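Take a look at the letters that make up each chain.
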Amino acid sequence: MSKNNVKAIKASEIELQEKVVAIKRVAKVVKGGRRFSFSAIVVVGDGNGVVGYGLGKANEVTDSITKGIDDAKKNLVRVPVFKGTVPHDAIGKFGGGLVLLKPAAEGTGVIAGGAMRAVLESAGVHDVLAKSKGSSNPHNVVKATFDALNKMRDPYAVAQQRGVELSKVFNG
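Rules and cut-offs
- Residues numbered from 1 in each chain as written.
- Predicted model: local features only at pLDDT ≥ 70, side-chain atom pairs only at ≥ 80, totals over all residues.
- Heavy atoms only, no water.
- Helix = DSSP H or I, 4+ residues; strand = E, 2+ residues; numbered from the N terminus.
- Buried < 20%, exposed > 50% of the residue type's maximum accessible area, 1.4 Å probe, protein only.
- Contact = heavy atoms within 4.5 Å.
- Lys, Arg positive; Asp, Glu negative; His and termini not counted.
- Charge placed at Lys NZ, Arg CZ, Asp CG, Glu CD.
- Domains from an automatic or database assignment.
- Buried area = accessible area lost by both parts, 1.4 Å probe.
- Salt bridge = Lys/Arg side-chain N within 4 Å of Asp/Glu carboxyl O.
- Polar contact = N/O pair within 3.5 Å; in protein donor to acceptor, adjacent residues only side chain to side chain.

Of the regular secondary structure elements, the protein holds five helices and eight strands. In terms of overall dimensions, the protein has C-alpha extents of about 70 × 35 × 30 Å along its principal axes. When each of the 172 residues of the protein is scored for burial, the buried share is 38%. Taking contacts inside the protein between residues at least 6 apart in sequence as the whole, the part at least 24 apart equals 58%. If the 26 positive side-chain charges of the protein are averaged to one point and the 15 negative ones to another, these points end up 10 Å apart.

Here it is, written out as structure tokens:
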């Protein structure tokens with residue numbers, strides 16, 4: 001977590017929507033053959049700048065999704081959303097995953113692939129240009145997207161820190 005997202009957000013205080021990013025069947029080889037279980041990556045968000053992700057593992061799909069939702073509610077962060085888009089360019093990295101986020105004009109929509117799209121929509125970003133480079137593994141893409149979002153600086157805080165008006169932050 002970065003410095004600007006230190007304050008923990010309580011899941012009980014806000015209405016969260018869940019999105020399942022990926023469900024994988026994993027196998028463990030035991031004496032009698034293979035034992036299958038499921039892992040699910042889930043993203044939760046309020047559509048207004050609060051988002052979190054979680055990983056759930058269980059022998060049943062529904063149980064793994066439920067565990068993922070519970071885990072996601074424990075890892076909520078607040079991300080700056082400015083006029084329905086991200087405030088500035090950012091690059092996020094995690095493992096082999098690399099994600100590039102750029103602000104977009106109103107009406108552009110979420111131009112992003114699979115795992116990234118789920119995170120951005122849950123965060124309440126309506127217009128963004130995003131590119132996933134490197135690994136397409138959903139685990140790494142989700143974590144890289146969170147890394148990029150955590151690097152975002154709130155434009156209001158930047159304006160206050162610099163002692164200038166908000167319009168001056170973007171227009172120099």
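On to the domain arrangement of the protein, then. According to the domain assignment, the protein contains domain 1 (17-77) and domain 2 (79-171). The straight-line distance from the C-alpha centre of domain 1 to that of domain 2 is 23 Å. Contact residues are listed per partner, giving 17 residues for domain 1 and 15 residues for domain 2. In this assembly, domain 1 packs against domain 2 so that about 1300 Å² is buried in total across both faces, 73% of it on carbon and sulfur atoms. By the criterion of area lost to domain 2, the three top residues of domain 1 are Lys19, Val51 and Tyr53, representing 35% of everything that side buries. Remark: the boundary between domain 1 and domain 2 carries one salt bridge. Lys19 is the salt-bridge partner of Glu121, the closest N and O atoms lying 2.7 Å from each other. The interface formed by domain 1 and domain 2 contains four residue pairs in polar contact (both at pLDDT 80 or more).

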